[in-house]
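Coordinate analysis (summary)
Chain by chain, the residues run as shown.
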Amino acid sequence: MEVKRVIAICQSGGEFFTEKDGTLSYRGKDAHAIDIDDQMKFDEFKLEVTEMFGCGYNNMVIKYFLPGNKKTLITVSNDKDLQRMIKFHGDFATIDIYVMEEVAPPDVSNMPPSRSSRTTLSETVVPVDASLDVVDFVGDTTQPDIPLDASLDVVDGASPIDAHIDIPTEISPIFPLVGPSGEKHAKGAHQWQNAITGVGQRFSSVHEFRESLRKYAIAHQFAFRYKKNDSHRVTVKCKAEGCPWRIHASRLSTTQLICIKKMNPTHSCEGAVATTGHQATRSWVASIIKEKLKYMPNYKPKDIVNDIKQEYGIQLNYFQAWRGKEIAKEQLQGSYKEAYNQLPFFCDRIMETNPGSLATFTTKEDSSFHRLFVAFHASLYGFQQGCRPLLFLDSIPLKSKYQGTLLAATAADGDDGVFPVAFTVVDAETDDNWHWFLLQLKSALSISCPVTFVADRQKGLKESIAEIFKDSYHGYCLRYLTEQLIRDLKGQFSHEVKRLMIEDFYGAAYAHRPENFQSCLESIKSISLEAYNWIIQSEPQKWANSFFQGARYNHMTSTFGELFYSWASDAHELPITQMVDVIRGKIMELIYTRREGSNEWLTRLTPTMEEKLEKETQNIGNLQVLLSTGSRFEVHGDTTEVVDVDRWDCSCRGWQITGLPCCHAIAVIRCMGRSPYDYCSRYFTTESYRLTYSEPIYPVPNVDMPVTKASSQVLVTVTPPPTRRPPGRPTTKKYGSQDMAKRQLQCSRCKGLGHNKSTCKE
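So, a few notes on the structure that sits alongside this text. (Residues numbered from 1 in each chain as written. Predicted model: local features only at pLDDT ≥ 70, side-chain atom pairs only at ≥ 80, totals over all residues. Heavy atoms only, no water.)

The next subject is the overall build of the chain. A count of helices and strands for the chain gives 22 helices and 23 strands. Out of the 762 residues belonging to the chain, those deemed buried represent 48%. Counting only carbon and sulfur atoms, one obtains 50% of the accessible surface of the chain, whose full area is about 37800 Å². (Helix = DSSP H or I, 4+ residues; strand = E, 2+ residues; numbered from the N terminus. Buried < 20%, exposed > 50% of the residue type's maximum accessible area, 1.4 Å probe, protein only. Areas by Shrake-Rupley, 256 points an atom, 1.4 Å probe, with all protein chains shown as cover.)

This next bit is on the environment of S77. Its place among the elements puts S77 in the loop between β6 (73-76) and α2 (79-88). A sequence separation of 14 residues divides S77 from K63, and the C-alpha atoms of the two residues are 8.9 Å apart. Within the structure, the side chain of S77 is placed 2.8 Å from the side chain of D81, a separation counted as a polar contact. (Polar contact = N/O pair within 3.5 Å; in protein donor to acceptor, adjacent residues only side chain to side chain.)

Tallied over the full model, the rule gives 4 cavities of 30 Å³ or more. Taken as a whole, the largest cavity spans an internal volume of roughly 110 Å³. Lining the largest cavity we find 18 residues, and of these Y340, S400, Q403, V425 and I576 sit closest to its centre. Counting only elements with at least two residues in the lining of the largest cavity, the list comes to α8 (336-341), β17 (418-426) and α18 (576-598). Counted by class, the lining of the largest cavity contains 12 nonpolar, 4 polar and 2 charged residues. (1 Å grid on protein atoms, 1.4 Å probe; cavity = no way out; pocket = protein on both sides within 12 Å on 5 of 7 lines; lining within 4 Å. Points joined across faces, edges and corners; volume = space filled by probe spheres on them. Nonpolar A, V, L, I, M, F, W, Y, C, P; charged D, E, K, R; others polar.)

So, on to the pattern of salt bridges. Tallying each qualifying case throughout the model produces 18 salt bridges. The residue D81 makes a salt bridge to R84 at a minimum N-O spacing of 2.9 Å. In this pair, D81 and R84 both sit in helix α2, 3 residues apart, roughly one turn of the helix. A relative accessible area of 15% means that D81 is categorised as buried. For R479, the salt bridge is made with E483, and the minimal N-O distance between the two is 2.9 Å. Note that R479 and E483 are positioned in helix α13 (residues 478-488) at a spacing of 4 residues, about one turn of the helix. One exposure class covers both R479 and E483, and it is buried. Sharing partners across several salt bridges, the network here consists of R388, D416 and K612. (Salt bridge = Lys/Arg side-chain N within 4 Å of Asp/Glu carboxyl O.)

Right, let's talk about the pairing of strand β11 (residues 246-251) for a bit. Here is the key point about a regular strand: its side chains alternate between the two faces of the sheet. Counting buried positions over the 6 residues of β11 gives 5, a clear majority of the element. Pairing of strand β10 (residues 233-238) with β11, which is carried by 5 bridges, proceeds in the antiparallel orientation. Considered in β11, the bridge of T235 is made with H248. As paired strands, β11 and strand β12 (residues 258-264) are joined by 6 bridges and run antiparallel to one another. Residue pairing in the sheet places R246 in a bridge with N264 of β12. Hairpin remark: β11 followed by β12, antiparallel, with 6 residues in the connecting loop; positive phi at T254, about 65°. (Pairing = 2+ DSSP bridges.)

Attention shifts here to the sheet that holds strand β22 (residues 640-644). Strand order across the open sheet formed by 4 strands is β20-β21-β22-β23, with antiparallel pairing between neighbours. Edge positions in the open sheet fall to β20 (624-627) and β23 (649-650), since each of these has one partner strand only. Note: β20 against strand β21 (residues 632-636), 4 bridges, orientation antiparallel. Bridge pairing in β21 places L627 opposite F633. Against the sheet, helix α21 (residues 663-671) makes contact with β20, β21, β22 and β23, and its axis sits at roughly 60° relative to β22, the strand it touches most. (Contact = heavy atoms within 4.5 Å. Axes fitted to C-alpha atoms, helices over the stretch in contact; angles between N-to-C directions.)

Look at helix α6 (residues 301-312): 16 Å from first C-alpha to last across 12 residues, which is about the 16 Å you get at 1.5 Å a residue. Those residues of α6 lying buried are P301, I304, V305, I308 and Y312. Angularly, the buried residues of α6 cover 100° about the axis, an arc narrow enough to put them on a single face. Of the residues flanking the end of α6, it is G313, one or two places downstream, whose phi is positive at about 70°. (Expected span 1.5 Å × (residues − 1). Arc of directions from axis to C-beta.)

Moving on: the side chain of S12. For S12, the location among the structural elements is in strand β1 (residues 5-12). Of the polar contacts made by the side chain of S12, one reaches the backbone oxygen of V99; its length is 3.5 Å.

Moving on, we come to a nonpolar patch on the surface. A cluster of nonpolar side chains, Y318, F319 and W322, forms an exposed patch at the surface whose accessible area comes to about 350 Å². Among the structural elements, F319 can be located in helix α7 (residues 318-333). For F319, a relative accessible area of 52% puts it in the exposed group. (Patch = residues over 30% accessible without salt bridge, like charges linked within 9 Å, V, L, I, M, F, W, Y side chains within 5 Å.)

Grouped together as the largest cluster of nonpolar side chains are 68 residues, with contacts concentrated most on L372, L391, L393, L406 and L441. Looking at which element gives the most residues to this core, the answer is α18, with 7 residues. In contact with L441, not counting residues within four places along its chain, are F373, L391, A409, V421, A422, F453 and F469. One finds L478, L485, A531 and Y532 within the second-largest nonpolar core, a separate group that totals 25 residues. (Core = buried A, V, L, I, M, F, W, Y, C linked by side-chain atoms within 4.5 Å.)

Okay, the packing of helix α14 (residues 495-510) against helix α15 (residues 514-527) next. Look at α14 against α15: their axes get within 8 Å of each other, and the N-to-C directions meet at 160°. Between α14 and α15, the angle is such that the two are roughly antiparallel. Crossing of α14 over α15 shows left-handed handedness. On α15, the residues touching V497, L500, M501, D504, F505, G507 and A508 of α14 are F517, C520, L521, S523, I524 and I527. A breakdown of the residues in the contact of α14 with α15 according to their chemical character gives 10 nonpolar, 2 polar and 1 charged. (Parallel < 35°, antiparallel > 145°, perpendicular 65-115°, else oblique. Left-handed = near helix turned anticlockwise from the far one by under 90°.)

On to the packing of helix α11 (residues 431-444) against helix α12 (residues 461-468), then. Interaxial distance between α11 and α12 falls to 10 Å at its minimum, and their mutual angle equals 25°. Taken together, the axis directions place α11 and α12 in an arrangement best described as roughly parallel. Taken as a pair, α11 and α12 cross one another with a handedness that is right-handed. Along its contact with α11, which presents W434, H435, L438, L439 and K442, the element α12 presents L461, S464, I465, E467 and I468. Each residue belonging to the contact of α11 with α12 can be placed in one class, and the counts come to 6 nonpolar, 2 polar and 2 charged.

Glancing now at the packing of aromatic side chains. Counted according to the given criterion, the structure contains 29 aromatic pairs. Centre to centre, the rings of Y26 and Y98 are 4.8 Å apart; their planes meet at 55°, and the pair counts as tilted. Residue Y26 is located in strand β3 (residues 24-27), and its partner Y98 is located in strand β7 (residues 94-101); the two are separated by 72 residues in the primary sequence. There is no split in this pair, since Y26 and Y98 are both buried. When the ring of F517 is compared with that of W543, the centres are 6.0 Å apart and the planes differ by 50°; the resulting orientation is tilted. Here F517, found in helix α15, pairs with W543, found in the loop between α16 (529-536) and α17 (562-571); they are 26 residues apart in sequence, far enough to count as distant. Considered together, F517 and W543 belong to a single accessibility category, that of buried residues. (Phe/Tyr/Trp six-rings, centres within 6.5 Å; stacked < 30°, edge-to-face > 60°.)

Geometry only, nothing functional implied.
See below:
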């Protein structure tokens, strides 16, 4: 196994500064480089850093940023942390590591583990001028701010013990947490015990102070409530009745800094031994799980509840965890709402970076999102140059915040692989939206030959296909027909009987000849006359091989594009622009992978078609060929068939339906001294396959950039659709199942349907 190596740039003696965009920058003094690998132990690494900087081994803290994230520092504390750090930076040559010294907390080992303990905490409070005593404001919590003395400003680099302040001797200690779970949750909250140090501590904003206060309360397991809370001052008291714990912070004049000006750190209450989620706001939960969610997108709310209980001793409810996850997702992925407003810019960028593509959208009268159509040039070119004129139309519901539906047109490449052609995101699956999608598809495709569509006959598709693609053929999707047949049957049929009817229904659809079709229908008729009549009235010429006029190549269902729909399912919870870009990336990868793979093929046909031709060739052993007239031949075997070589026609209809010579045709072609390859559809050749994947899809950079003046649709404002995700678990659309009938209850006593033995009236 190859060892991962990386150079660690270790920095120490500096400080972190918060930039305007919220990222952290480090301005340090010393920097040294160490060569590390994933075999190195944490103790070895820590010892080497200790010798390098001459710092204390036990008080050393090692941190780093995840790639692409300059806002959150990650701590390295054991071998697994070190290995993860190297793994996360596997694509980089160097890692920036920050070495800091942690101030040890006061020794409280001899103190009883009680919230009402008393001790001195003078060394943990940032020193200020002696004129500012810590005030026990039991009673008046609205007294005016005490003016700050000039000596409050601590000069950079000055030692905290150079100043002096009088502090009450009886205040609550800071000690390692021991909750009902023992020490388990201490490891997560212990780092926040000194988030609030005392009077004189400064924060860059009110928000930073509130977040620090919340972490401090979680670490010390007590709840608080606000007495005052605005943009320039915050006054907070312990939630327990009669507890004197108080803190007041306000803005330093002429600055945006927030400074703690009064604090009574004494608790007379016992706190909340089993801390509830009262102080754990949604934003706090989001900040805790955000980094983990980045690498675990399927992080479940129930797991969030368990992890935060174990790590921080806080009991969340399911909704708090779910809302926290939603906020974290939006912080990582961007705003769902803003993504809709980026559509004008996004469509322009698609057509700019991929010339020949079509990306367009429409809005409703209230500017809310209606429809988005995307067809990349590489997909359009590949379909027109190398694919059969065969398109599959289907849809999948989206489970994003604003729901919607994805409509798609996919094709079959020469190896019977899924090839995405175009797709549309709409607010709802309606007849009008399908009509609009087909209009855009027609304008994007410049194809002269008739196209065969495999699609449902509902949703207005029957009328829209005939109107927009006038010379086309519409083959009904067999799966949707089966679902409708089962729904429309009024009789009580057992699961086994329904299964037999469905098998015969599929047999009738795949039958090459009318007599075989009729045989399957007679079998259904013996079971149910109602089912037989339903099938006769369902326009068999639109779905049965023996009557269908178009070229469907034995593809009977519109769910052929299941691979494409799985991509959409994986990205459906992303904002709309990011979802489309994920799909674009998947198509780009598909085109590249298949193009490179086909370069190794040495056969004239694609591998799948070579295998099918070989199977047909193996069946010619007992066939006898007799010359009839001209190009027509008579072939004797189990049956007698007539083959017309010039017309690529056989009376068994296998050649016409599949596009590959049947065994009868191959026997004739061999007798003529010709090659069967010359009588295969050109769409199955390796050459056509390579044409399908010859054009690349290019990246679309800056997907989340705002609309600029250069955009052709700069004045268009797009808001989210009014639909919102309903409560409860979303339904799942399943593909590929031929047996769509649900099992009915059958009584084991009377053999009747619709009830069981316990409710049987007999």
